[in-house]
Amino acid sequence: MSLTAEQLEELKRAIDRRHQELGAEIREDVNRAREHNRPELAGPVPDPGDSSVADLIADIQNTELLRDADEIKELEAAQERIRSGTYGKCIDCGRDIGIERLRAQPAASRCIECQTVYERTFAGPGAPTL
Ligand SMILES: [Zn+2]
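Note that the structure is predicted; figures quoted are calculated from it, not measured.

Rules behind the numbers
Residues numbered from 1 in each chain as written. Predicted model: local features only at pLDDT ≥ 70, side-chain atom pairs only at ≥ 80, totals over all residues. Heavy atoms only, no water. Helix = DSSP H or I, 4+ residues; strand = E, 2+ residues; numbered from the N terminus. Buried < 20%, exposed > 50% of the residue type's maximum accessible area, 1.4 Å probe, protein only. Contact = heavy atoms within 4.5 Å. Salt bridge = Lys/Arg side-chain N within 4 Å of Asp/Glu carboxyl O. pLDDT = per-residue confidence, 0-100. Phe/Tyr/Trp six-rings, centres within 6.5 Å; stacked < 30°, edge-to-face > 60°.

So, about the overall build of the protein chain. Scanning the protein chain from terminus to terminus reveals 5 helices and 0 strands. Split into buried and exposed, the 130 residues of the protein chain put 32% on the buried side. For the protein chain, contacts bridging at least 24 residues in sequence account for 58% of all contacts bridging at least 6.

As structure tokens, this is what we get:
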């Protein structure tokens, strides 16, 4: 493990902050989508502290939301890895991901080599790279 306790704390804070921002964004989008498209689904807005964002977005068909939802899932997976002590290790090869990459992308679950392979495998030619 190459991360110091301070570095881990720094990255954890970055993840938590991003998770909160994204969660607020998604709630707004979901509420807007419900008002516009499916008024019958409009209901009470959950508390901002509610962590069940996944439930909220489960049935929303919206590309932007799905992208945000993917990021939320990655952030939550990263939080889980922090709790279980495996954060900072590549989930594919087990090597240290590296503090520079983690600072740029705190939810990164793969080292840059494995991420490149992964993207080549799952994002075929012609896939949108926004
Ligand atoms: Zn790797």
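Attention now goes to the pattern of salt bridges. In this structure the tally under the stated criterion is 11 salt bridges. Between lysine 73 and aspartate 70 there is a salt bridge whose closest N-O contact spans 3.7 Å. Of this pair, lysine 73 and aspartate 70 both sit in helix α3 (residues 63-84), 3 residues apart, roughly one helical turn. Judged by its relative accessible area of 53%, lysine 73 falls in the exposed class. What you see here is one network of salt bridges that share partners, running through Glu10, Glu100 and Arg103.

Right, let's talk about the confidence of the model for the protein chain for a bit. Per-residue pLDDT for the protein chain averages 82, and the proportion of residues at 70 or more is 73%. Per-element mean pLDDT across the protein chain ranges from 57 in helix α2 (residues 53-57) up to 95 in helix α4 (residues 99-104).

Turning our attention to the packing of aromatic side chains. What the rule picks out here adds up to 1 aromatic pair. Ring centres of tyrosine 118 and phenylalanine 122 lie 4.6 Å apart, and the angle between their planes is 40 degrees; on these two criteria the pair is classed as tilted. Taken together, the positions of tyrosine 118 and phenylalanine 122, both in helix α5 (residues 112-122) and 4 residues apart, correspond to about one turn of that helix. On the basis of relative accessibility, which here comes to 32%, the residue tyrosine 118 falls in the partly exposed class.

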